[in-house]
Structure formats: C-alpha cells, structure tokens
2 protein chains.
Amino acid sequence: MTTTPQPAFRALSDPTRREILVMLSQQDMTIAEVSDHFDMTRAAVKKHLTVLSDGGLITVEPRGRERINRLNPQGMSPVRDWIAYFDHFWDDRLATLKTAIEGKFE
Amino acid sequence: MTTTPQPAFRALSDPTRREILVMLSQQDMTIAEVSDHFDMTRAAVKKHLTVLSDGGLITVEPRGRERINRLNPQGMSPVRDWIAYFDHFWDDRLATLKTAIEGKFE
DNA sequence: TTGACATGATACCTTATGGTATCTTATTTA
DNA sequence: TAAATAAGATACCATAAGGTATCATGTCAA
C-alpha cells in the first residue's frame, strides 16, 4: 500500500460518483454530458467530478472550452490493493471458489 | 453485482473503520478492546462498529456481557466485485497503449 | 445481593458533505 | 464583434457524519 487510499475510498463512497464512473467507462464525457444524465445541477455534478479527480479515478483534459472527463482505471489500484490484503482471511477457501465461480455466471 | 455495495463502500470510506478492520483481521475483539487502540470514546468506536456491521464487514456475537467483534472477509465481496468490473477497462487501455507503442517502433 | 463492569441508548455539538443559486470568465460561432 | 455556450467560482442551505457526555440496562463476581 504505497499511496493512501483515502481519497479514492472517499470518492467511491457516493452512489452518484460510482454511477459517473460506470458512465465514463463507456465513453469520455464533458461535464455537460455527464450532467445530462442526472437530475441535479451542473455545479453539483462538477463537485462530484472534482472528488473523483482528487481520488485519482478520472482525469480531466481541457479541450477548447470543454473539459473531457476520462476514466482512469489505474486509480482503482489503491483500493484494490487494500481490499486484497483481506483475501487470505477467507476461512473457507471452498466458499471463496464457489462464490467466485457463481459470481462469474450469475 | 447482486447486492448494493453502498453500505460496504460507506463503511470503508472512514480511516478509523479501515484501521478497525485491520485490527480485527489479527484477532477478534470486544468493543472495549477496540476502543483501547483509539483516542476517542467507546461510544464513538461503537458507532464505527455499527457502521461496519451494517456494511456486512464484521459480525458481532454476544458473549455474556461482552460483544465479540469479528471480521467478515466475505463482506468485502460486493466491493471487490464492483471494482472488478473496471479491471477489463484497465486491460483494454493497457493493450491500446501497448499497441500504440509497438506501432511506433515497427 | 450488591457492586463493579461491558455495553446500549440518547441527546447534543461541530464540521463535512451534497445540493442550489448566481455571477464571472473563457471560447466558439453567427 | 456580439451573442451563445461551457465551465469556474462563490456564497449559501439542509442534512449526514463523527464525536462527546450522560444515563440506563444487563451480567458477572465477591
């Protein structure tokens, strides 16, 4: 765990922000485009994007008067790594395997 | 993603709670034992434990007048699964980058 | 049984957080 | 150049969240 995962965990704790991440996984978007998908003001969406950016989960690239918001999948790493620490505490390895398999096909 | 990961993400968003999880990964603990490791009141720690329990990340078992708090590693699954959705985007972009780089030098 | 001990429950305080409204700045484009 | 467009920046509001203080309840032990 090299970096503190706090900003990323913080960013992921809000449902709206997680939804934005899923949206951005489909395609890059401007702030206005992201805002169109939510029933809240552009300013509110902008705040969420700032939190996501602070968490390293997205990157923002200026393009003329627009800002292209882009998913940064690597930003998940601190969170993934932190979670991974607990993998070996699974007491029932069969259950682990079973859950993993079912998860894939459900 | 069968269960909504919200309560788990919420539980993980606080540093104190993540520290508690690490502690409980070492050994089960009563509320008083957990409290001894922090510079805050037992009531505050109790609240964190409630959030962790709501998030499914720990289980609480009454034992006489004590409550044994125990790590529930399976509780990480909703979070792990949600994060895993983004794995392939990471791979894709890496592949894209790799292709781009190779293109440069071929 | 009585006191000590572990926890539950509640009221309350302060700050963070998610949200709106509004105004300004920087680019396009007609 | 002027108007429309995209976003930045603040100020402000209500509620959630983290924390303390305090009192009630259940359980153990002398």
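A brief look at the structure comes next. None of these values were measured; they are calculated from a predicted model. (Residues numbered from 1 in each chain as written. Chains lettered and ligands numbered in written order. Predicted model: local features only at pLDDT ≥ 70, side-chain atom pairs only at ≥ 80, totals over all residues. Heavy atoms only, no water.)

Here's the deal with the packing of aromatic side chains
Residue and element names in this part refer to chain B.
Then, number 1: In the structure shown here, the tally under the stated rule is 10 aromatic pairs over all chains.
Then, number 2: Ring centres of W82 and F86 lie 4.8 Å apart, and the angle between their planes is 50°; on these two criteria the pair is classed as tilted.
Then, number 3: Residue W82 is classed as buried on the basis of its relative accessible area, which comes to 5%.
Then, number 4: With relative accessibility at 1%, the residue F86 sits in the buried group.
Then, number 5: On the basis of an interplanar angle of 85° and a centroid distance of 4.9 Å, the ring pair of Y85 and F86 is categorised as edge-to-face.
Then, number 6: According to the relative accessible area criterion, Y85 is partly exposed, its value standing at 26%. (Phe/Tyr/Trp six-rings, centres within 6.5 Å; stacked < 30°, edge-to-face > 60°. Buried < 20%, exposed > 50% of the residue type's maximum accessible area, 1.4 Å probe, protein only.)

So, the interface of chain B and chain A
As a measure of interface size, the accessible area lost when the parts come together is often cited.
Then, number 1: Opposite the 27 residues of chain B that make contact, chain A presents 28 residues.
Then, number 2: Between chain B and chain A lies a buried interface of about 2,700 Å² when both sides are counted; carbon and sulfur atoms form 67% of it.
Then, number 3: Counting across the chain B and chain A interface gives 2 salt bridges.
Then, number 4: The salt bridge partner of R80(A) is D87(B), with a shortest N-O separation of 2.0 Å.
Then, number 5: Inspection of the region where chain B meets chain A yields 10 residue pairs in polar contact (both at pLDDT 80 or more).
Then, number 6: Only α1 (6-12), α2 (15-26), α5 (77-84) and α6 (87-105) of chain B provide two or more residues apiece to the side of chain B that touches chain A.
Then, number 7: The element contributing the most residues to the side of chain B that touches chain A is α2(B), with 6 residues.
Then, number 8: Of the residues in the side of chain B that touches chain A, the class split is 16 nonpolar, 7 polar and 4 charged. (Contact = heavy atoms within 4.5 Å. Buried area = accessible area lost by both parts, 1.4 Å probe. Salt bridge = Lys/Arg side-chain N within 4 Å of Asp/Glu carboxyl O. Polar contact = N/O pair within 3.5 Å; in protein donor to acceptor, adjacent residues only side chain to side chain. Helix = DSSP H or I, 4+ residues; strand = E, 2+ residues; numbered from the N terminus. Nonpolar A, V, L, I, M, F, W, Y, C, P; charged D, E, K, R; others polar.)

Section: helix α4 (residues 42-54) of chain A
Residue and element names in this part refer to chain A.
Then, number 1: For α4, spanning 13 residues, the distance from its first C-alpha to its last is 18 Å, which sits close to the expected 18 Å at 1.5 Å a residue.
Then, number 2: All buried positions along α4 are accounted for by V45, H48, L49, V51 and L52. The buried residues of α4 occupy one face: seen down the axis, they fall within an arc of 160°. Those residues of α4 that are exposed and aimed more than 90 degrees away from the buried face are K47 and D54.
Then, number 3: The positive-phi residue at the C-terminal boundary of α4 is G56, with phi of around 75°. (Expected span 1.5 Å × (residues − 1). Arc of directions from axis to C-beta.)

Examining the protein's contact with DNA strand C
Then, number 1: Around DNA strand C sit 19 residues, and of these T41(A), K47(A), H48(A), G64(A) and K46(B) come closest.
Then, number 2: Considering the 4 Å shell around the protein, atoms of DNA strand C inside it are sugar or phosphate in 69% of instances.
Then, number 3: Residue K47(A) places a side-chain N or O atom 2.3 Å away from a base oxygen belonging to DNA strand C.
Then, number 4: Contact distances for DNA strand C include 3.2 Å between a base oxygen and a side-chain N or O atom of R65(B).
Then, number 5: Residue assignment for the surface near DNA strand C shows that the elements contributing at least two residues are α4 of chain A together with α3 (31-36), α4 (42-54) and β2 (66-71) of chain B.
Then, number 6: Here the surface near DNA strand C gets 4 residues from one element, more than from any other, and that element is α4(A). (Near = heavy atom within 4 Å.)

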